[in-house]
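# Topology and contacts: notes
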Amino acid sequence: QVQLVESGGGLVQAGGSLTLSCAASGSTWTVNAMAWYRQALGKERELVAFITNSGYTNYADSVKGRFTISRDNTKNTLYLQMNSLKPEDTAVYFCNAFGPPQYWGQGTQVTVSS
């Protein structure tokens, strides 16, 4: 079993920056890749960024050039550095780990004011 706990969310003005963290515990050696998803009010959950154990990354078009996903294996922690934030980035951000199976955190709220 893998437990994921997100942190770092909050309120920020447009153009600002924020860094999210996801602490993983449990059977972390079974995790092959991790990802950040987000879900805005009234919308379905969408993939934001993905990173494999080898360091391969992929980003949604809406965040390319602004967000950076990274992973510190010694700390079992996933990060999402968010720059040049826009009001459209407002959502609950969820950490996801792939084994299989998939594991989810509870989410952390990010609110970007105009």
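Scroll up for the structure.
Basis of the calculations
- Residues numbered from 1 in each chain as written.
- Predicted model: local features only at pLDDT ≥ 70, side-chain atom pairs only at ≥ 80, totals over all residues.
- Heavy atoms only, no water.
- Buried < 20%, exposed > 50% of the residue type's maximum accessible area, 1.4 Å probe, protein only.
- Helix = DSSP H or I, 4+ residues; strand = E, 2+ residues; numbered from the N terminus.
- Pairing = 2+ DSSP bridges.
- Contact = heavy atoms within 4.5 Å.
- Phe/Tyr/Trp six-rings, centres within 6.5 Å; stacked < 30°, edge-to-face > 60°.
- Lys NZ or Arg CZ within 6 Å of the ring centre and 35° of its normal.

So, on to the pairing of strand 11 (residues 108-113). On strand 11, burial follows the alternation: Thr-108, Val-110 and Val-112 on one face are buried, whereas Gln-109, Thr-111 and Ser-113 on the facing-out side are not. Here strand 2 (residues 10-13) runs beside strand 11; their pairing, made up of four bridges, is parallel. Its bridge partner being in strand 11, Val-12 is matched across the sheet by Val-112. Relative to strand 11, strand 9 (residues 91-98) is paired through three bridges, and the arrangement is antiparallel. By the bridge assignment, Ala-91 is partnered in strand 11 with Val-110.

Secondary-structure assignment places Phe-50 in strand 5 (residues 46-52). Not counting chain neighbours up to four residues away, the residues in contact with Phe-50 comprise Ala-33, Met-34, Ala-35, Tyr-56, Thr-57, Asn-58, Ile-69 and Phe-98.

Now for the pairing of strand 1 (residues 2-7). Burial of the side chains of strand 1 is restricted to one face: Val-2, Leu-4 and Glu-6 are buried, whereas none of Gln-3, Val-5 and Ser-7 on the reverse face is. As judged from the six bridges shared by strand 1 and strand 3 (residues 18-26), these two strands associate in the antiparallel manner. Bridged to Ser-7 within strand 3 is Ser-21.

Turning to the packing of aromatic side chains, a few remarks are in order. By the definition in use, this model includes two aromatic pairs. Where Phe-50 meets Phe-98, the ring centres are 5.6 Å apart and the plane angle is 65°; that geometry is what we call edge-to-face. Highlighted residues: Phe-50 in strand 5 and Phe-98 in strand 9, separated in sequence by 48 residues. Just above the ring of Phe-94 sits the side chain of Arg-45; from NZ or CZ to the centre is 3.7 Å. For the cation-ring pair, Arg-45 lies above Trp-104, with the distance from its terminal atom to the ring centre recorded as 4.8 Å.

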